[in-house]
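Listed here are the chains, written in short residue letters.
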Amino acid sequence: MGEIVGAFVKVARVRDIPPGALARVEVAGQLVCLANVDGAIYAVSDDCPHIGGALSDGELAGCVLTCPVHLARFDARTGKVLRGPARDDVPSYAVRVEGDDIYVAVPE
């Protein structure tokens, strides 16, 4: 686990997640999917709410994150479901970038 700073945890470096890439990190014992959407980093739960597929193993096209299991789609910026079979949104988490370091808010 990364270094805890306030309610945020240092989880990765920007240089390790190029635009269009996904990465799985752990924040306070929970798996989180980081997505680089056109240079901005976003964080959502790594578990697809449909059957728990790892979203970080999926594909990112623009801001659309596609689950590798049944192809449910989510907005990587907000976690909103865009296409089923998932019916529920994916929890999203605040992200802070300081220099090259990425910090994610500890999930409640």
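This text gives an overview of the structure that appears in the document. Quantities reported herein were computed from a predicted structural model and do not represent experimental measurements. (Residues numbered from 1 in each chain as written. Predicted model: local features only at pLDDT ≥ 70, side-chain atom pairs only at ≥ 80, totals over all residues. Heavy atoms only, no water.)

### Quick notes on the overall build of the protein
Looking only at helices and strands, one finds zero helices and twelve strands in the protein. For the protein, the α and β elements follow one another from N to C terminus as β-β-β-β-β-β-β-β-β-β-β-β. A compact globule built from 108 residues would reach a C-alpha radius of gyration of about 13 Å, and the protein, at 13 Å, matches this within 12%. Its C-alpha atoms give the protein principal-axis dimensions of roughly 35 × 25 × 20 Å. The proportion of buried residues among the 108 residues of the protein is 42%. Contacts in the protein between residues far apart in sequence, at least 24 positions, make up 43% of those at least 6 positions apart. (Helix = DSSP H or I, 4+ residues; strand = E, 2+ residues; numbered from the N terminus. Rg over C-alpha atoms; globule rule 2.2 N^0.38 Å. Buried < 20%, exposed > 50% of the residue type's maximum accessible area, 1.4 Å probe, protein only. Contact = heavy atoms within 4.5 Å.)

### Side note on the nonpolar core
Ranked by size, the top nonpolar core spans 16 residues in total, and within it Cys48, Leu55, Leu60, Leu65 and Phe74 carry the most contacts. With residues near it in sequence (within four places) discarded, cysteine 48 still touches Gly53, Leu55, Cys67, Ala72, Phe74 and Ala86. Counting residues in each nonpolar core, the second largest holds 14 residues, with Val9, Ile17, Ala21 and Ile41 among its members. (Core = buried A, V, L, I, M, F, W, Y, C linked by side-chain atoms within 4.5 Å.)

### A few points about the side chain of threonine 66
Within the secondary structure, threonine 66 sits in strand E7 (residues 64–66). Among the residues examined, threonine 66 registers a relative accessible area of 15% and is labelled buried.

### Overview of the sheet that holds E7
The antiparallel open sheet is built from four strands, whose spatial order is E6-E7-E8-E9. Sheet topology places strand E6 (59–61) and strand E9 (81–83) at the edges, where each strand pairs with a single neighbour. When strand polarity is set aside, the average angle formed by the axes of neighbouring strands in this sheet is 30 degrees. (Pairing = 2+ DSSP bridges. Axes fitted to C-alpha atoms, helices over the stretch in contact; angles between N-to-C directions.)

### Some points on the packing of aromatic side chains
Scanning all chains against the criterion turns up zero aromatic pairs. The ring centre of phenylalanine 8 lies 4.4 Å from the NZ or CZ of arginine 96, which sits over that ring. Lying over the aromatic face of tyrosine 103, arginine 96 brings its terminal NZ or CZ to 5.3 Å of the ring centre. (Phe/Tyr/Trp six-rings, centres within 6.5 Å; stacked < 30°, edge-to-face > 60°. Lys NZ or Arg CZ within 6 Å of the ring centre and 35° of its normal.)

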